[in-house]
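Below are the chains, spelled out letter by letter.
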Amino acid sequence: MQNYDFLSKFSKDELIKLIENYAKNWLAMDGVWFQSVERKNGMDAAMFHDLEVWRSFTVIEAKRIKEFLHLGEQPGLVGLAQALQLRFYANINEAQTELCEDKLIYTMTQCRVQTARARKGLPFHPCKAVGVIEYGDFAKTIDSRIQCRCLSCYPDVDDDSCCCKWEFTLH
């Protein structure tokens, strides 16, 4: 068991700020390694490794969130909607979830990755390929019956009102 005495001294607001800092630090590390590979070996090599990282990480993250929320084996789209709110970057990006009868639409309205790349004068991250794995495998780990479809994501942007948009259905 970890010693949490130090953390117990912080207020709820301070702990929320700490979680935000942790999320920003994790996302910064993700960007730093990606840009390192991109500079040395090009975008194709960086994307290859990014895909491999997400193939493993998204499943690990989903399993931990599923356990934390006590979602059970097949929590459906309601469980997925809850889990998406606890992803490592959920509190630092802006996203909306819309749950209809038979589908869940997840829309990322502000993305720190693309914002940071634009600020640094870098081309947008071609994240659709990564997103297909990231969101698809995350959803399947939450509930194996869930399928994911990309509605809009760079470089295939069909909705310029958001950064990316994903549709989840139960089968």
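Now for a look at the structure at hand. Sequence order as written defines residue numbering, which begins from 1 separately in each chain. Local features in this predicted model are restricted to residues of pLDDT 70 or higher, and side-chain atom pairs are both shown and tallied only at a pLDDT of 80 or more, whereas totals for entire chains, interfaces and linings draw on every residue. Computation of side-chain values: all heavy atoms of the structure, hydrogens and water removed.

## Brief notes about the overall build of the protein
Scanning the protein from N- to C-terminus turns up five helices and four strands. Labels follow the DSSP assignment, with helices taken as runs of H or I lasting at least four residues and strands as runs of E lasting at least two, numbered in each case from the N terminus. Mapped in sequence order, the helices and strands of the protein form the string α-α-α-β-β-α-α-β-β. Our radius of gyration looks at C-alpha atoms and nothing else; its globule reference is 2.2 Å times the residue count to the power 0.38. Taking 171 residues into account, the globule formula puts the C-alpha radius of gyration at 16 Å, and the protein, at 17 Å, falls close to it. The principal-axis extent of the C-alpha atoms belonging to the protein is close to 45 × 45 × 30 Å. Type-normalised accessible area, obtained with a 1.4 Å probe on protein chains alone, sets the label of each residue: buried when under 20%, exposed when over 50%, and partly exposed for intermediate values. Here the protein holds 171 residues, and 37% of them are scored as buried. Restricting the contact set of the protein to residue pairs at least 6 apart, pairs at least 24 apart contribute 60%. Per-residue and other accessible areas follow the Shrake-Rupley method at a 1.4 Å probe size, with only the shown protein chains counted as cover for residues. If you sum the accessible surface of the protein, you get close to 10,500 Å²; carbon and sulfur atoms cover 54% of it. The averaged location of the 24 negative side-chain charges in the protein is 5 Å from the averaged location of its 21 positive side-chain charges. Two residues qualify as a contact provided that any one of their heavy atoms is within 4.5 Å of a heavy atom in the partner residue. Only four residue types enter the charge count: Lys and Arg as positive, Asp and Glu as negative, with His and the chain ends excluded. All charge positions are set by atom: Lys at NZ, Arg at CZ, Asp at CG, Glu at CD.

## What to know about the pairing of strand β2 (residues 103–110)
The side chains of a regular strand alternate between the sheet's two faces. Looking at chain direction, strand β1 (residues 94–99) and β2 are connected through six bridges and run antiparallel. Paired with Gln96 across the bridge in β2 is Thr107. At least two DSSP bridges between two strands are needed for those strands to be called paired. Counting the residues between successive antiparallel strands, the hairpin from β1 to β2 contains three residues. Judged from the six bridges that link them, β2 and strand β4 (residues 164–170) form a sheet pairing that is antiparallel. Residue pairing for β4: Tyr106 is matched across the bridge by Trp166.

## Overview of the sheet that holds β4
Hydrogen bonds along the backbone pair up the strands of a sheet, which may run parallel or antiparallel. Across the sheet, which stays open at both edges, the four strands sit in the order β1-β2-β4-β3 with antiparallel pairing between neighbours. Among the strands making up the open sheet, the edge pair consists of β1 and β3 (146–153). Pairs of neighbouring strands in the sheet enclose a mean axial angle of 20 degrees, with direction left out of account. Packed on one face of the sheet, helix α5 (residues 128–142) meets β2, β3 and β4 and runs near 155 degrees to β3. To obtain an axis, a line is fitted to C-alpha atoms, over the contacting stretch when the element is a helix, and the angle between two such axes runs from 0 to 180 degrees between their N-to-C directions.

## A short note on helix α1 (residues 12–41)
Here α1 contains 30 residues, and its C-alpha end-to-end distance of 44 Å stays within 8% of the 44 Å for a straight helix at 1.5 Å per residue. Where α1 is buried, its residues contact α2 (43–69) and α4 (112–119). Of the residues flanking the end of α1, it is Gly42, one or two places downstream, whose phi is positive at about 95 degrees. Expected span, for any helix, means 1.5 Å times one less than how many residues it has.

## Section: unusual backbone geometry
Cis geometry is adopted by the peptide bond preceding Pro155, which originates at Tyr154 and carries an omega value of 15 degrees. Positionally, Pro155 belongs in the loop between β3 and β4. The phi dihedral of His70 falls on the positive side, at around 55 degrees, and the residue is not glycine. Here His70 shows up in the loop between α2 and α3 (76–84).

## Overview of the pattern of salt bridges
By definition, a salt bridge exists where a carboxyl oxygen of Asp or Glu is found within 4 Å of a side-chain nitrogen of Lys or Arg. Within the structure shown, the criterion is met by eleven salt bridges. Between Glu20 and Lys17 there is a salt bridge; the shortest N-O distance is 3.6 Å. Taken together, the residues span about one helical turn, with Glu20 and Lys17 both in helix α1 at a distance of three residues. Taking the relative accessible area as the measure of exposure, Lys17 reaches 43% and is therefore partly exposed. Across the pair Lys24 and Glu20 runs a salt bridge, and its minimum N-O distance is 2.9 Å. On the criterion of helical spacing, the pair formed by Lys24 and Glu20 is a turn pair, its members being four residues apart in helix α1.

Taken by themselves, the reported measurements are silent on function.
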